[in-house]
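If you want the building blocks of each chain, they are given just below.
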Amino acid sequence: MKSSSELIAKQVFSVNAFYNKKQNQTKILFFKCLKEKKSVEYFEKELSKIWDDVDHKFMDKQIYKLKELVHSNNVEEALNLGRMEKEYEKTMNWVIDDEYFKLTPESEFTKFEQKFKNNVDRQFKASQKAIDNMDEEEYLTKKIDSYNKNINQVITYFNSEGKSVRQVQLSSYLSMIHNTNLTRSGWNQTMGDSELIGKASFIIPYHSFSCPHCLEYQNRVLTKFQVENIIGVEAREQTGDILHPNCKCTLSIYWDRSQIGIQRYTEVEAEEFYKLRQKVNTLTLEKDNLRTDMKIAEDLGDQAKVDQCRQRINAINKTIRDIKEQLPTEEMQKQITAIKR
């Protein structure tokens, strides 16, 4: 069976990269317009080309593809265990439309995109005024470093208790929401499949790089009530982040004990592997940001900044290689580098 967890990881990274690319396009536009003293009207027109009418259809396709895979895996597992029933066999190509656990709608993505766009617009106007009172070259050079904190990292991430955790980039936040939508979609599919055939027991199979929250539930037989508690009972009515927004765990129908796999690593080790994978993804996207900074610095004629960015990219490449060596198997090493970057 193909891993739905790995598919989610690839899809989430692609969304993060999609928004990261738009953020970098915005950054290049921001500095280009400041340097060339473009009008606010010109800047806003070009900014709208990047952020207005963002096409989210590719995310819907990703969700549908995941549900197909989850359903296919549910069917394959039933066949392999000799548990396929006639009624179930008729649903081989059936993908549910109902949402047992609610998904965050497209309107929420648009809302945060526009929030980001409006903040960039405000920052550009403020920078136009500030640059008139400073040495232009000095101001633009310093602005490269302060840009991410003041402009990119402007989305406040709240935990399940409603407490502010940290400021994150738009790309990180929206990819977390998409991660949540994908995971819920997979669980929705399994819940729908189980209701069709009258099964009420579930299992979260063990997988590498599991989020820490789900580790304690893996390889355990779960009731429907326990599944609701894991994802959050309020998930039936409430959209937004779930308790563990980086979760990529699969929910399967439980048939018998042969589905309980061997957990080769302790929870402490598994949590460390999870953190290492997250770090590799973060570092990979940081390289894209540094390449953008290099381009801007080259346009400004700031060779020192160009060299600094190049050195940082080299250091990141070394860190990623070192992280791979910390993973115990070749399969796990491949998994953290398998996503097309």
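Residues numbered from 1 in each chain as written. Predicted model: local features only at pLDDT ≥ 70, side-chain atom pairs only at ≥ 80, totals over all residues. Heavy atoms only, no water.

### Digging into the overall build of the protein
Phase 1: The helix and strand inventory of the protein stands at 12 helices and 5 strands.
Phase 2: Here the protein, with 341 residues, has 50% of them falling under the buried criterion.
Phase 3: Contacts in the protein between residues far apart in sequence, at least 24 positions, make up 78% of those at least 6 positions apart.
Phase 4: Split by element, the accessible area of the protein, about 17,100 Å² in all, is 47% carbon and sulfur. (Helix = DSSP H or I, 4+ residues; strand = E, 2+ residues; numbered from the N terminus. Buried < 20%, exposed > 50% of the residue type's maximum accessible area, 1.4 Å probe, protein only. Contact = heavy atoms within 4.5 Å. Areas by Shrake-Rupley, 256 points an atom, 1.4 Å probe, with all protein chains shown as cover.)

### Examining the pattern of salt bridges
Phase 1: Tallied over the entire structure, the rule returns 18 salt bridges.
Phase 2: Here aspartate 307 and arginine 310 are joined by a salt bridge, their closest N and O atoms 3.4 Å apart. Note that aspartate 307 and arginine 310 are positioned in helix H11 (residues 303-326) at a spacing of 3 residues, about one turn of the helix.
Phase 3: Of the residues examined, aspartate 307 reaches a relative accessible area of 30% and is grouped as partly exposed.
Phase 4: Taking relative accessible area as the criterion, arginine 310 reaches 38% and is therefore assigned partly exposed.
Phase 5: Among the salt bridges present, the one from lysine 318 reaches aspartate 322, with a minimum N-O distance of 3.0 Å. Here lysine 318 pairs with aspartate 322, and both are found in helix H11, just 4 residues apart, close to one helical turn.
Phase 6: Assessed through its relative accessible area of 45%, lysine 318 is described here as partly exposed. (Salt bridge = Lys/Arg side-chain N within 4 Å of Asp/Glu carboxyl O.)

### Description of the packing of aromatic side chains
Phase 1: What the rule picks out here adds up to 12 aromatic pairs.
Phase 2: Both rings, one in phenylalanine 43 and one in phenylalanine 124, keep their centres 3.9 Å apart while their planes meet at 10 degrees; by these two values the pair is stacked. Placement of the pair is phenylalanine 43 in helix H2 (residues 40-51) and phenylalanine 124 in helix H5 (residues 106-131), with a sequence separation of 81 residues. Take phenylalanine 43 and phenylalanine 124: they sit in the same class, and that class is buried.
Phase 3: One aromatic cluster in this structure is built from Phe18, Tyr19, Trp51, Phe58 and Phe116. (Phe/Tyr/Trp six-rings, centres within 6.5 Å; stacked < 30°, edge-to-face > 60°.)

### Side note on the sheet that holds strand S4 (residues 222-223)
Phase 1: Within the open sheet, the 3 strands sit side by side as S4-S3-S5. Their pairing is antiparallel. Each edge of the open sheet carries a strand with a single partner, namely S4 and strand S5 (252-253).
Phase 2: In this sheet, S4 lies alongside strand S3 (residues 201-203) in antiparallel orientation, the contact comprising 2 bridges. Paired with serine 201 across the two strands is threonine 223, which belongs to S4. (Pairing = 2+ DSSP bridges.)

### Points about the packing of helix H1 (residues 4-35) against helix H6 (residues 136-152)
Phase 1: Remark: H1 packs on H6, axes separated minimally by 11 Å, with the N-to-C direction vectors making an angle of 150 degrees. When the axes of H1 and H6 are compared, the pair comes out roughly antiparallel. Judged by the sense of rotation from one axis to the other, the crossing of H1 with H6 is right-handed. Contacts between H1 and H6 pair Gln23, Thr26, Lys27, Phe30, Phe31, Leu34 and Lys35 from the former with Glu136, Leu140, Lys143, Ile144, Tyr147, Asn148, Ile151 and Asn152 from the latter.
Phase 2: Taken together, the residues that form the contact of H1 with H6 break down as 7 nonpolar, 4 polar and 4 charged. (Axes fitted to C-alpha atoms, helices over the stretch in contact; angles between N-to-C directions. Parallel < 35°, antiparallel > 145°, perpendicular 65-115°, else oblique. Left-handed = near helix turned anticlockwise from the far one by under 90°. Nonpolar A, V, L, I, M, F, W, Y, C, P; charged D, E, K, R; others polar.)

### With respect to the confidence of the model for the protein
Phase 1: For the protein, per-residue confidence averages 84 on the pLDDT scale, and residues scoring 70 or more make up 84% of the total.
Phase 2: When pLDDT is averaged over each element of the protein, H2 comes out on top at 98 and helix H4 (residues 86-89) at the bottom at 54. (pLDDT = per-residue confidence, 0-100.)

### A short note on the packing of H5 against helix H7 (residues 170-197)
Phase 1: Axis separation between H5 and H7 bottoms out at 11 Å; the angle between their running directions is 175 degrees. It follows from the interaxial angle that H5 and H7 lie roughly antiparallel. For the pair formed by H5 and H7, the contact residues are Phe109, Phe112, Glu113 and Phe116 on the first element and Leu170, Tyr173, Leu174, Ile177, His178 and Asn181 on the second.
Phase 2: The residue inventory of the contact of H5 with H7, partitioned by class, reads 7 nonpolar, 2 polar and 1 charged.

### Brief notes about unusual backbone geometry
Phase 1: The phi dihedral of lysine 37 is positive, around 55 degrees, even though this residue is not glycine.
Phase 2: With respect to the helices, strands and loops of the structure, lysine 37 is situated in the loop between H1 and H2.
Phase 3: Despite not being glycine, asparagine 219 has its phi angle at roughly 65 degrees, a positive value.
Phase 4: Position of asparagine 219 relative to the elements: it lies in the loop between helix H8 (212-215) and S4.

### Quick notes on H5
Count 3.6 residues to each turn of an α-helix, and residues three or four apart come out pointing the same way.
Phase 1: In a regular helix each residue adds 1.5 Å, so 26 residues correspond to 38 Å; H5 covers 37 Å between its end C-alpha atoms and thus fits that length.
Phase 2: Among all positions of H5, only Phe109, Phe112, Glu113, Phe116, Lys117, Asn119, Val120, Asp121, Phe124, Ser127 and Ile131 are buried. (Expected span 1.5 Å × (residues − 1).)

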